[in-house]
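Architecture at a glance
Okay, here's what each chain looks like letter by letter:
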Amino acid sequence: MNERLHSVLAQRGIPPESLAEVCEVDPKTVSRWLGGRVPHARHRFRVARHLRVEELFLWPAPVRGAQQQAAGSEQELVTTYQNRASVPRDTWLSLLEGAQEEIGVLVFSGTFFAQSNPHVAKMLAERASDGVRVRLCFGDSNGQAAAIRGREEGIGDTLGAKIRASLTYYRPLLSEAGCEVRLHDTTLYTSMFRYDNNLLVNPHVWGQPASANPLLHLRRAGTTGWFDNYAQSFEAVWATARPWTPDQEGPSSHGQD
């Protein structure tokens, strides 16, 4: 699947049928392009010009053998942002709407994820109904990891309260097939937001809120790069996390100890 073409079409609000008209081809041909087939040169030029992007962004030049191995992780880095707050809202929406197989979120509170999109639970439920596996992993508001992180950021018990507030947005997902919500109590070195082979990685800088820290947009290009390393860490945390049971959530009992 050409995820870059999917993403740009979604961001521009251009339906595949419109692209077919511009290129003077059958809509089924555009569907094959979206599925991964590389168009003829003249069509690549028209598509890139119409979408106002570089042709090599949509169809990177093939790299093979030793050259591919040497390129390694550099191929996976799509772009960087000075901080998470500077990521355009349209980027978050287009990635969520474009996911076809998997959506995975690993955060402490992830408050912004819902506050910037009041319909996030509904959208996640719709993706799940289309067969997308949705996994959301938040910090345990009563756990030691959240308490330590709160002290490091200088906000005390506020992080636990933020986690509990954030979780209220996702209560409707608990009854949705294909959706899981878990709580972790691990040292979280980075927040992660996965949409199929796209991964937004938000490293944590000591003492600073995640929103003020850099964000890397990775796209999987192999099995030994950055993407898979981060994806494996997500799986490790997910495996140790417990299912969220809202009725058992409450204020922290251990305070700042």
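Here we summarise the structure given alongside this text.

The rules behind these values
Residues numbered from 1 in each chain as written. Predicted model: local features only at pLDDT ≥ 70, side-chain atom pairs only at ≥ 80, totals over all residues. Heavy atoms only, no water. Axes fitted to C-alpha atoms, helices over the stretch in contact; angles between N-to-C directions. Helix = DSSP H or I, 4+ residues; strand = E, 2+ residues; numbered from the N terminus. Parallel < 35°, antiparallel > 145°, perpendicular 65-115°, else oblique. Left-handed = near helix turned anticlockwise from the far one by under 90°. Contact = heavy atoms within 4.5 Å. Nonpolar A, V, L, I, M, F, W, Y, C, P; charged D, E, K, R; others polar. Core = buried A, V, L, I, M, F, W, Y, C linked by side-chain atoms within 4.5 Å. Buried < 20%, exposed > 50% of the residue type's maximum accessible area, 1.4 Å probe, protein only. Pairing = 2+ DSSP bridges. Salt bridge = Lys/Arg side-chain N within 4 Å of Asp/Glu carboxyl O. Lys, Arg positive; Asp, Glu negative; His and termini not counted. Polar contact = N/O pair within 3.5 Å; in protein donor to acceptor, adjacent residues only side chain to side chain. Phe/Tyr/Trp six-rings, centres within 6.5 Å; stacked < 30°, edge-to-face > 60°.

Right, let's talk about the packing of helix α2 (residues 16–23) against helix α3 (residues 27–34) for a bit. Packing of α2 against α3 leaves a shortest axis separation of 8 Å and a crossing angle of 110°. In terms of orientation, α2 and α3 fall into the roughly perpendicular class. Considering only the axes of α2 and α3, their crossing is right-handed. Here P16, L19, A20 and C23 of α2 lie close against α3, whose contacting residues are P27, V30, W33 and L34. Of the residues contributing to the contact of α2 with α3, the split by class is 8 nonpolar, no polar and no charged.

Attention now goes to the nonpolar core. Core analysis: the biggest nonpolar cluster contains 53 residues, and W92, F113, L124, L136, Y170, F193 and Y195 have the highest contact counts within it. If one sorts the elements of this core by residue count, helix α9 (residues 120–129) sits on top with 6 residues.

Turning our eyes to something else, we now look at the sheet that holds strand β2 (residues 102–106). Strands sit in the order β1-β7-β6-β5-β2-β3-β4-β8 across an open sheet of 8 strands; the sheet is mixed. The open sheet has two edge strands, β1 (77–81) and β8 (242–243), and neither has a second partner. For β2 and strand β3 (residues 133–139), the ladder comprises 5 bridges, and the chain directions are parallel. Bridged to V105 within β3 is L136. This element, helix α7 (residues 89–98), spans β1, β2, β5 (190–195), β6 (198–203) and β7 (215–219) of the sheet and lies at about 50° to β5. Relative to β3, helix α12 (residues 226–240) is tilted by about 70°, and along the sheet it contacts β1, β2, β3, β4 (179–184), β5, β6, β7 and β8.

Attention shifts here to the pattern of salt bridges. Evaluated as defined, the whole model comprises 11 salt bridges. Taking the shortest distance from any N to any O, the salt bridge between D130 and R127 comes out at 2.8 Å. Judged by relative accessible area, which is 10%, R127 ranks as buried. Several salt bridges share partner residues, and in doing so they unite E102, R135, R194 and E235 into one network.

What follows is about the side chain of E3. Position of E3 among the secondary structure elements: in helix α1 (residues 3–12). Buried charge without a salt bridge: E3, with R219 as the nearest opposite-charge side chain at an N-O distance of 4.2 Å. Within the structure, E3 has its side chain in polar contact with the side chain of N198 (distance 3.0 Å). Each residue touching E3, except ones within four places of it in the same chain, is listed here: D196, N197, N198 and R219.

If you walk through the whole model with that rule in mind, you get 8 aromatic pairs. Aromatic pair W92 and F112: ring centres 5.2 Å apart, planes at 65°, arrangement edge-to-face. You can see W92 sitting in helix α7 and its partner F112 sitting in helix α8 (residues 111–115), a full 20 residues away along the chain. Assigned by exposure class, W92 and F112 land together as buried. Centre to centre, the rings of F112 and F193 are 5.7 Å apart; their planes meet at 80°, and the pair counts as edge-to-face. Here F112 is found in helix α8, whereas its partner F193 is found in strand β5, with 81 residues between them in sequence. By relative accessible area, F112 is classed as buried at 18%. Among the aromatic residues, those joined into a ring-pair cluster are W92, F112, F113 and F193.

Remark: α2 packs on helix α4 (residues 41–51), axes separated minimally by 10 Å, with the N-to-C direction vectors making an angle of 125°. By the angle between their directions, the pair α2 and α4 is classed as oblique. In the crossing of α2 with α4, the sense of the turn from one axis to the other is right-handed. Here S18, L19, V22 and C23 of α2 come into contact with α4, specifically with H43, R46, V47 and H50. Taken together, the residues of the contact of α2 with α4 sort by class into 4 nonpolar, 3 polar and 1 charged.

Phi is positive for R52, close to 60°, though the residue is something other than glycine. Mapping R52 onto the fold places it in the loop between α4 and α5 (55–58). Overall, R52 belongs to the exposed group, its relative accessible area being 61%. A positive phi angle, near 55°, is found at D196, a position not held by glycine. Mapped onto the secondary structure, D196 falls in the loop between β5 and β6. Classification of D196 by relative accessible area gives buried; the value is 9%.

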